[in-house]
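Commentary on secondary and tertiary structure
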Amino acid sequence: MKKLPIKRAESSGGIVFKKEDGDILVALVGVERKGKIVWALPKGLVEKGERPEETAYREVKEEAGVTGTLVDKIGDITYWYVDREKGVRYHKIVHFYLFKYSEGSPENHDWEINEARWFLIEEAIKVMEYPGERDMMIRAKEMIEKLCG
Ligand code: ATP
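Described in the following lines is the structure provided in the data block. (Residues numbered from 1 in each chain as written. Predicted model: local features only at pLDDT ≥ 70, side-chain atom pairs only at ≥ 80, totals over all residues. Heavy atoms only, no water.)

Overview of the side chain of Lys-18
Structurally, Lys-18 can be placed in strand β1 (residues 6-20). By relative accessible area, which is 18% here, Lys-18 ends up buried. A polar contact is formed between the side chain of Lys-18 and the side chain of Glu-20, at a distance of 3.3 Å. Residues within four places of Lys-18 in sequence aside, it is in contact with Asp-23, Ile-24, Leu-25, Tyr-101 and Trp-118. (Helix = DSSP H or I, 4+ residues; strand = E, 2+ residues; numbered from the N terminus. Buried < 20%, exposed > 50% of the residue type's maximum accessible area, 1.4 Å probe, protein only. Polar contact = N/O pair within 3.5 Å; in protein donor to acceptor, adjacent residues only side chain to side chain. Contact = heavy atoms within 4.5 Å.)

Structure, rendered in structure tokens:
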């Protein structure tokens, strides 16, 4: 097996929540991979001169079509993946932030995203693809419950 060069990547993303009839709803984005929709959190690369929470706000707006006010940082996740076209092994860190919904609709999601919609938070935890992101959602649920009582 050929040894690939290792590069670091830094992204940032967010969980936007709203309360409706006592339920907590969160926005997820769905991307088609190998013919099935994979549900994940909106996120993207931190650009030069951008603070990670600004990236999170921008990516949530672009990808999921919604905006929110920043509540707090949720945490970081890390993972490895190989970009075969570039021949690079990436070690990626992704920062996640919690936002309280302000405006917009997931129907106005990014064209690169197949679908974006609100989920009951319990449902989101079940359908999310990546364990690291699921942990962020579980942590966010505790934060929201503390915040909203
Ligand atoms: P970004 O949205 O940060 O610009 P990207 O779309 O270029 O990133 P990733 O979403 O990081 O790239 O996906 C690159 C690879 O890592 C894919 O194979 C994807 O399935 C995998 N991946 C994405 N998120 C996670 C995660 N949380 N845990 C493990 N693997 C992941």
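Let's pick the thread back up.
What to know about the layout of surface pockets
Looking at the largest pocket, its volume works out to about 880 Å³. In this structure, the largest pocket is lined by 30 residues; those nearest its centre are Arg-33, Lys-43, Tyr-79, Tyr-81 and Lys-92. Those elements that place two or more of their residues in the lining of the largest pocket are β1, β2 (23-33), β3 (36-40), β4 (43-45), α1 (52-64), β5 (66-83), β6 (88-104) and α3 (131-148). Looking at which element gives the most residues to the lining of the largest pocket, the answer is β5, with six residues. When the residues that make up the lining of the largest pocket are grouped by side-chain class, the tally is 14 nonpolar, four polar and twelve charged. (1 Å grid on protein atoms, 1.4 Å probe; cavity = no way out; pocket = protein on both sides within 12 Å on 5 of 7 lines; lining within 4 Å. Points joined across faces, edges and corners; volume = space filled by probe spheres on them. Nonpolar A, V, L, I, M, F, W, Y, C, P; charged D, E, K, R; others polar.)

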